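Here are the chains, one letter per residue:
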Amino acid sequence: KSGFAAIIGRPNVGKSTLMNHLIGQKIAITSRKPQTTRNKIQTVYTCEEGQIVFLDTPGIHKAKNKLGEYMVNVAERTFKDADVILWLVEPTTFIGAGERHIAEQLKNCKLPVILVINKVDTVKKEEVLSFIDAYRKIMDFAEIIPASALRGQNLETVIQSIFKYL
Ligand code: GDP
Ligand code: MG
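About the cut-offs
Residues numbered from 1 in each chain as written. Chains lettered and ligands numbered in written order. Predicted model: local features only at pLDDT ≥ 70, side-chain atom pairs only at ≥ 80, totals over all residues. Helix = DSSP H or I, 4+ residues; strand = E, 2+ residues; numbered from the N terminus. Contact = placed C-beta atoms within 7 Å. Core = buried A, V, L, I, M, F, W, Y, C linked by C-beta atoms within 7 Å. Buried ≥ 20, exposed ≤ 12 C-beta atoms within 10 Å, placed from the backbone. pLDDT = per-residue confidence, 0-100. Pairing = 2+ DSSP bridges. Right-handed = clockwise from strand over helix to strand, strands pointing away.

Chemist: How do you make sense of the overall build of the protein when you look at a structure like this?
Modeler: Scanning the protein from N- to C-terminus turns up 5 helices and 6 strands. Within the protein, residue pairs in contact and separated by at least 24 positions form 67% of the contacts whose partners lie at least 6 positions apart.

Chemist: What am I meant to see in the nonpolar core here?
Modeler: Taken as a class, soluble globular proteins show a tendency for nonpolar side chains to be buried jointly. A5, A6, I7, I85, L86, W87 and V116 are the most contacted members of the largest nonpolar core, which totals 32 residues. Of all the elements in the fold, those that place two or more residues in this core are β1 (2–8), α1 (15–23), β3 (50–56), β4 (84–89), α3 (97–109), β5 (113–117) and α5 (155–164). Counting residues per element, this core draws most heavily on β4, which supplies 6 residues. Ignoring anything within four residues of it in the chain, the contact list for A5 reads I52, F54, L55, A82, D83, V84, L86 and I162.

Chemist: Whenever I open this one, α1 confuses me. Can you help?
Modeler: The α-helix advances 3.6 residues per turn, and as a result positions three or four apart in sequence lie on the same side. Taken as a whole, α1 has its buried residues at K15, S16, L18, M19, N20 and L22. At the exit of α1 stands G24, carrying a positive phi of roughly 80 degrees.

Chemist: Just to check I follow, could you spell out the confidence of the model for the protein for this structure?
Modeler: Predicted coordinates in regions of low pLDDT should not be interpreted in detail. Residue-level pLDDT values for the protein average 82, and 75% of them are 70 or greater. In the model of the protein, helix α2 (residues 66–81) stands out as the element of lowest mean pLDDT, 63, in contrast to strand β6 (residues 143–146), which has the highest, 98. Predicted complex metrics record ipTM = 0.99 and pTM = 0.86.

Chemist: Would you explain the pairing of β4 in this entry?
Modeler: Look at any regular strand and the pattern is simple: side chains alternate between the two faces of the sheet. Within β4, 6 of the 6 residues are buried, which leaves the element mostly enclosed by the surrounding structure. Burial along β4 is two-sided: the residues V84, L86 and L88 and I85, W87 and V89 are all buried. When β1 meets β4, the two strands line up parallel, connected through 4 bridges. If you follow A6 over to β4, its bridge partner there is I85. In this structure, β4 lies alongside β5, joined through 5 bridges in parallel fashion. Paired with L88 across the two strands is V116, which belongs to β5. A crossover connection joins β4 to the parallel β5 through α3; in handedness this β-α-β unit is right-handed.

Chemist: Would you take a moment to explain the pairing of β6 for this structure?
Modeler: Across 4 bridges, the pairing between β5 and β6 is parallel. Residue pairing across strands places I114 opposite E143, the latter belonging to β6. A crossover links β5 with its parallel partner β6, the connecting element being helix α4 (residues 125–138), and its sense is right-handed.

Chemist: Would you explain the environment of V44 in this entry?
Modeler: Structurally, the position occupied by V44 is in strand β2 (residues 41–47). The exposure class assigned to V44 is exposed, which follows from the 11 C-beta atoms found within 10 Å. For the pair V44 and I23, spaced 21 residues apart in sequence, the C-alpha separation works out to 7.3 Å. Residue contacts for V44: discarding those within four places in its chain leaves Q51 and V53.

Here is the structure:
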């Protein structure tokens, strides 16, 4: 099996960390500063089951300026190449206009969307569960997976879910 998985989500949720952990190399730039990843970065994950090409995207959000506008466009174009979308969120940011905006765009593109609740190492289990409930209300997800990109927690589940939709 092989195909394309686009990683999307707000700046700083851990998209680059997730990709780096999966690939096992520091390919995408991670930092504490939001919006470090300004361009689409492609990396390839290979295992016995097949190959996944990851498309790392700058944060998809409502543009506040020209650079922001450019970054949103890069993210939207990435959808056209993707077989499945990995939407990363963190359980510390509540659902707001930004998330609803992303959900609307995802509904339009009609691809399976895997929601990864990242950074579960930073919150209690009950908080993760209430996040899952809240997200279920804004759209239909192919899967919802709690994970920690930093600690490598549940990433095998993420990989297996991606393969399911390739
Ligand atoms: P991006 O902007 O979405 O690409 O986010 P980055 O991958 O650059 O990560 C932003 C910050 O969050 C970095 O300081 C990461 O170390 C941190 N981070 C990413 N994933 C996790 C996680 O699972 N747990 C914790 N505690 N921190 C994380
Ligand atoms: Mg990044």
